[in-house]
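Architecture and fold: a report
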Amino acid sequence: MEVNVEITKQNLPIPASGLEKIKALELGNNKEKENLSRFKIPLPELDGAIDPDHPNLKTILDNMAIFEATRGGFSKATQKNMFSAVRSWIRFTEYIELAYAFPIHPRMFYYWILHLKNEQKVSYATLMSRKNLIAIFLNQLGFANVTEDKLIKDFFRGVKKDMAESDLSKVEQKVASPFRASDLNRQIEIVGTLEQAGPKLFKDLAYMTIAYSTALREEEIFTLKRKNVIISGDTVTIVRTKSKTSAAPPKKSIIGRYAGIVKKYIELVENGVELYNHVTPSRPVEDQEYYIFGWILKNGQLKDPLKPMNGVSVLRLFRKAYERQSVFNGRCWSGHSARCGAVVDGHVVHKMNAVDLMSIGDWTNMGTVKRYLRATGHLEASNIELQKH
């Protein structure tokens, strides 16, 4: 999807001197966007996917150019999910040999949803997500919103009940197996000190400690830079510049025993960067602009301080931790487990109110919190308390 809008006197009613200033502004803005992750998500390929005889083609192409320039203001995660839905729809149109993917005919969209449900066996949550993301994309480009068609609305009104009747697992929202304070404390005992564990294993422990203590999302943790971690006495503070739900998220503090582990790990990282700079003097890393979670060697050196770990590494980290236990409870942990475990502890152990529970994970409503508690079997605990005399 490559659409460029040339800046000319015809589309901007200003003199030539002003035009040059506008072009300079555009150039500066494009330079800035090169360093912003949400502008690096590959756009879906729409060449040949849009009917060239569409009556509003010019408006749609203009909207495409605007979307490419602004990405609709959407986050990196939203764009990834949206573009995945668009590509899925395009692949289906190719599968049924439809001439053009856009505009979308309601009946064809209905068959795509059936294809996802009956042949790809996706869950109800995935169906809803795909529908909603396609609607957002269509609105951005100026196409008619097919999801508002009576056929589609009627289908979705009943599909959840139908799926629940035939296979309840398709409508149950799955969440990560909770990694709770008791699990973290057990890992601390198993792993031991830095000297006992070695740099690699201690890095895993530090990650799990930050994950539980702050309930940050995976990507927020593994992309933490040294400048984002402030150490003051016995407190470690994580300073974020953005989160999934806020452009100005609150700081997260770590105290006590957990802070001690993180402080020790930060010392390890700082020494690891010094070792890196010593062996690569031509490319020194400075000004705390390096990631604290990356590939760390046996001697403590960071292999590449400017490259963070990824989601696959986080999943592997939690799986290894799960396997280190002598007692196994529930499903294996994943990268989202500490976030889930934190809210479970907040509800079950610390009896936090709704506002405090939402603040644990920066959630903006109780719906997500209740989903975590219900899926892990802890929402019913409130009802049990009422029956104790």
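Structure: see above.
In this report, we go over the structure that sits alongside the text.

1. Here's the deal with the overall build of the chain
What the chain contains, in helices and strands, is 16 helices and 3 strands. The buried share of the chain, reckoned over its 389 residues, is 42%. Sequence separation of at least 24 residues holds for 64% of the intrachain contacts in the chain that already meet a minimum separation of 6. Accessible surface, the chain: about 21,500 Å² in total, of which carbon and sulfur atoms supply 52%.

2. Looking at the nonpolar core
Counting residues in hydrophobic clusters, the biggest one holds 59 residues, and the most contacted among them are Tyr 207, Ile 292, Phe 293 and Phe 318. At 10 residues, the largest contribution of residues to this core is made by helix α11 (residues 256-279). Dropping the residues within four chain positions of it, Tyr 207 is found in contact with Glu 218, Ile 221, Phe 222, Phe 293, Met 309, Val 314, Leu 317 and Phe 318. In this structure, Trp 112, Ile 113, Phe 137 and Leu 141 belong to the second largest nonpolar core, which totals 39 residues.

3. What about the pairing of strand β1 (residues 229-232)?
Across 4 bridges, the pairing between β1 and strand β2 (residues 235-238) is antiparallel. Bridge pairing in β2 places Ile 230 opposite Thr 237. Turn length for the β1-β2 hairpin, with the two strands adjacent in sequence and antiparallel, is 2 residues, and the turn residue Gly 233 shows positive phi of about 65°.

4. With respect to the pattern of salt bridges
Taken as a whole and assessed by the stated rule, the structure comprises 17 salt bridges. Asp 154 is paired through a salt bridge with Arg 157; the nearest N and O atoms lie 2.6 Å apart. Here Arg 157 and Asp 154 lie together in helix α6 (residues 150-166), a separation of 3 residues that amounts to about one turn. Beyond isolated ion pairs, a larger network of salt bridges with shared partners links Arg 217, Glu 220, Arg 240, Lys 252 and Asp 362.

5. A closer look at the packing of aromatic side chains
Inspection of the entire model under this criterion finds 20 aromatic pairs. An angle of 50° between the planes, with centres 6.1 Å apart, marks the rings of Phe 102 and Phe 137 as tilted. Of this pair, Phe 102 sits in the loop between α3 (76-95) and α4 (106-119) while Phe 137 sits in helix α5 (residues 124-141), and the two are 35 residues apart along the sequence. A residue is classified by how much of its surface remains accessible, and Phe 102, at 1% relative accessible area, is buried. Aromatic ring contacts, followed pair by pair, group Phe 179, Tyr 207, Tyr 265, Phe 293, Phe 318, Tyr 322 and Trp 333 into a single cluster.

6. Some thoughts on the sheet that holds β1
Whenever strands of a sheet pair, they do so through backbone hydrogen bonds, lying parallel or antiparallel. Reading across from one edge, β1-β2-β3 is the order of the 3 strands in this open sheet, with antiparallel pairing throughout. Looking at strand neighbours, the two that pair on one side only are β1 and β3 (252-254), the edges of this open sheet. The average undirected angle you get between the axes of adjacent strands in this sheet is 25°.

7. Focus on a nonpolar patch on the surface
On the surface, Tyr 95, Ile 96 and Leu 98 cluster together to form a nonpolar patch covering roughly 280 Å² of accessible area. Relative to the assigned elements, Tyr 95 resides in helix α3.

8. Overview of helix α13 (residues 337-348)
A turn of α-helix holds 3.6 residues, and therefore any two residues three or four places apart point the same way. Here α13 is 12 residues long and its end C-alpha atoms lie 16 Å apart, about the 16 Å a rise of 1.5 Å per residue gives. Along α13, the residues that are buried comprise Ser 337, Ala 338, Arg 339, Cys 340, Gly 341, Ala 342, Val 343, Val 344, Asp 345, Gly 346 and His 347.

9. Topic: the environment of Ile 152
Mapped onto the elements of the fold, Ile 152 is located in helix α6. On the basis of relative accessibility, which here comes to 1%, the residue Ile 152 falls in the buried class. Leaving out residues up to four positions away in the same chain, Ile 152 has contacts with Pro 106, Phe 109, Tyr 110, Lys 131, Val 146 and Thr 147.

10. Quick look at helix α2 (residues 57-70)
A rise of 1.5 Å per residue sets the reference length of α2, with its 14 residues, at 20 Å; its end C-alpha atoms lie 20 Å apart and thus fit the reference within 8%. Ile 60, Asn 63, Met 64, Ala 65, Phe 67 and Glu 68 are the residues of α2 that are buried. Looking at the buried side of α2, the elements it contacts are α3 and α5. Looking one or two places after α2, you find Arg 71, whose phi comes out positive at around 55°.

11. Some remarks on a positive patch on the surface
Positive charge collects at one region of the surface, where Lys 200, Lys 298, Arg 316 and Lys 320 lie side by side. By the element assignment, Lys 200 lies in helix α9 (residues 199-214).

12. Regarding the packing of α5 against α6
Where α5 contacts α6, the two axes come as close as 10 Å, and the packing angle between them is 165°. What the angle tells us is that α5 and α6 run roughly antiparallel. The interaxial crossing formed by α5 with α6 has left-handed handedness. Two secondary-structure elements touch here, α5 through Tyr 124, Leu 127, Met 128 and Lys 131 and α6 through Ile 152, Phe 156, Val 159, Lys 160 and Met 163. Among the residues forming the contact of α5 with α6, the class breakdown is 7 nonpolar, no polar and 2 charged.

Thresholds, definitions, all that
Residues numbered from 1 in each chain as written. Predicted model: local features only at pLDDT ≥ 70, side-chain atom pairs only at ≥ 80, totals over all residues. Heavy atoms only, no water. Helix = DSSP H or I, 4+ residues; strand = E, 2+ residues; numbered from the N terminus. Buried < 20%, exposed > 50% of the residue type's maximum accessible area, 1.4 Å probe, protein only. Contact = heavy atoms within 4.5 Å. Areas by Shrake-Rupley, 256 points an atom, 1.4 Å probe, with all protein chains shown as cover. Core = buried A, V, L, I, M, F, W, Y, C linked by side-chain atoms within 4.5 Å. Pairing = 2+ DSSP bridges. Salt bridge = Lys/Arg side-chain N within 4 Å of Asp/Glu carboxyl O. Phe/Tyr/Trp six-rings, centres within 6.5 Å; stacked < 30°, edge-to-face > 60°. Axes fitted to C-alpha atoms, helices over the stretch in contact; angles between N-to-C directions. Patch = residues over 30% accessible without salt bridge, like charges linked within 9 Å, V, L, I, M, F, W, Y side chains within 5 Å. Expected span 1.5 Å × (residues − 1). Lys, Arg positive; Asp, Glu negative; His and termini not counted. Charge placed at Lys NZ, Arg CZ, Asp CG, Glu CD. Parallel < 35°, antiparallel > 145°, perpendicular 65-115°, else oblique. Left-handed = near helix turned anticlockwise from the far one by under 90°. Nonpolar A, V, L, I, M, F, W, Y, C, P; charged D, E, K, R; others polar.

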